[in-house]
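One letter stands for each residue in the lines below.
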Amino acid sequence: MGKGMMKQTWVLSILKLLLFMYIITGILLVILAGMLCKLQLSESVVAVGIVLIYVISGFLGGFLGGKIMKTRKFLWGMVLGGCYFVILVIGSILFTHGINMEIGRFFTTLILCIASGMIGGMAS
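Draft legend 1. Region of interest: the overall build of the chain. Scanning the chain for helices and strands turns up four helices and zero strands. Secondary structure elements of the chain occur, N-terminal to C-terminal, as α-α-α-α. Among the 124 residues that make up the chain, the fraction classed as buried is 28%. Pairs at least 24 residues apart make up 77% of the contacts formed inside the chain by residues separated by at least 6 positions. Surface summary for the chain: the accessible area is close to 8,000 Å², and the carbon and sulfur share equals 76%.

Have a look at this one:
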């Protein structure tokens, strides 16, 4: 397999994993929304739920990324977590016409996404 083919393979793998991560995110957000309607959850509980969804999605993406890539698993998990975060930010900019969070929360979310992906990769 040539270098171009290998690069194409890992790029495709990353895109598939990111799609998987966002499918998991969507499913978990629907569950959280249902809980919000049924249980009348407070805003702080919902905020914690959203952070947990980021962490679970990042961990699962990193875990599967480590299984697929087989080497430097922690690094691939970090890459997936970082890409996941970048897509979140782009989505936020496109849909809300700006980043709708304080700078401290922005960096906390970045660290959580990258760290959960890295831990998932290490666990694979």
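From this point, things continue past the structure.
Draft legend 2. Representation of the packing of aromatic side chains in the model. Within this structure, the stated rule accounts for six aromatic pairs. Here Tyr22 and Tyr84 contribute two aromatic rings whose centre-to-centre distance is 4.6 Å and whose plane-to-plane angle is 25°, an arrangement assigned as stacked. Remark: Tyr84 occurs in helix α3 (residues 73-96) and Tyr22 occurs in helix α1 (residues 3-39); sequence separation between them is 62 residues. Using a relative accessible area of 0% as the deciding quantity, one classes Tyr84 as buried. Seen in terms of ring centroids, Phe85 and Phe106 are 5.1 Å apart; in terms of plane orientation they differ by 70°. Their pairing is edge-to-face. Here Phe85 is found in helix α3, whereas its partner Phe106 is found in helix α4 (residues 103-123), with 21 residues between them in sequence. The buried category is assigned to Phe106, whose relative accessible area is 16%. Feature note: the residues Tyr22, Tyr54 and Tyr84 constitute an aromatic cluster, connected by ring pairs.

Draft legend 3. Local environment of the packing of helix α2 (residues 43-69) against α3. The contact between α2 and α3 brings their axes to 8 Å, and the two run at 140°. On the basis of their axis angle, the class for α2 and α3 is oblique. Remark: the crossing between α2 and α3 carries right-handed chirality. Contact with α2, carried on its side by Ile53, Tyr54, Ser57, Gly61, Gly62, Gly65, Gly66 and Met69, involves Lys73, Trp76, Gly77, Leu80, Tyr84 and Leu88 of α3 and no other residues of that element.

Draft legend 4. Local environment of α3. With 24 residues, α3 should reach 34 Å at 1.5 Å per residue; the first-to-last C-alpha distance of 34 Å fits that figure. Every buried residue belonging to α3 is among Trp76, Gly77, Leu80, Gly81, Gly82, Tyr84, Phe85 and Val89, and all of these are buried.

Draft legend 5. Fine view of the packing of α2 against α4. Contact geometry of α2 with α4 gives a least axis separation of 6 Å together with a crossing angle of 35°. Crossing handedness for the pair α2 and α4: right-handed. Residue-level inspection shows Val51, Tyr54, Val55, Gly58, Phe59, Gly62 and Phe63 of α2 in contact with α4, the latter providing Thr109, Leu112, Cys113, Ser116, Gly117, Ile119, Gly120, Gly121 and Ala123. Of the residues in the contact of α2 with α4, the class split is nine nonpolar, seven polar and no charged.

Draft legend 6. Examining unusual backbone geometry more closely. Of note in the backbone geometry, Gln40 takes a positive phi value of approximately 55° without being a glycine. Mapped onto the elements of the fold, Gln40 is located in the loop between α1 and α2. On the basis of relative accessible area, Gln40 is assigned to the exposed category, the value being 65%. Of note, Arg72 is a non-glycine position whose phi angle comes to about 50°, a positive value. Counting through the fold element by element, Arg72 comes out in the loop between α2 and α3. Among the residues examined, Arg72 registers a relative accessible area of 61% and is labelled exposed.

Reading the values: rules and limits
Going along each chain's sequence as written, the residues are numbered from 1 onward. Residues qualify for local features only when their pLDDT is at least 70, as the model is predicted, and side-chain atom pairs are given and counted only at 80 or more; totals for whole chains, interfaces and linings, by contrast, use all residues. Excluded from the side-chain calculation are hydrogens and water; included are all heavy atoms of the structure. Segments assigned H or I by DSSP are reported as helices when at least four residues long, segments assigned E as strands when at least two residues long, and all are numbered from the N terminus. Type-normalised accessible area, obtained with a 1.4 Å probe on protein chains alone, sets the label of each residue: buried when under 20%, exposed when over 50%, and partly exposed for intermediate values. When checking whether two residues touch, look at their non-hydrogen atoms; a contact exists if any pair is within 4.5 Å. All accessible-area figures derive from a Shrake-Rupley calculation using a 1.4 Å probe, and residue coverage is judged against the displayed protein chains alone. Two aromatic rings from Phe, Tyr or Trp, using only the six-membered ring of Trp, form a pair when their centres are within 6.5 Å; if the ring planes differ by under 30 degrees the pair is stacked, by over 60 it is edge-to-face, and anything between is tilted. Axes, fitted as lines to C-alpha atoms, cover a helix only where it is in contact. Angles between the N-to-C directions of the axes lie from 0 to 180 degrees. Should an angle lie under 35 degrees it is considered roughly parallel, over 145 roughly antiparallel, and from 65 to 115 roughly perpendicular; all remaining angles are considered oblique. For a crossing to be left-handed, the near helix must be turned anticlockwise from the far one by less than a right angle; the clockwise case is right-handed. Each helix should span, by expectation, one fewer than its residue count multiplied by 1.5 Å. Gly is placed with the polar residues, together with every amino acid not listed as nonpolar (Ala, Val, Leu, Ile, Met, Phe, Trp, Tyr, Cys and Pro) or charged (Asp, Glu, Lys and Arg).

By themselves these figures say nothing about function.
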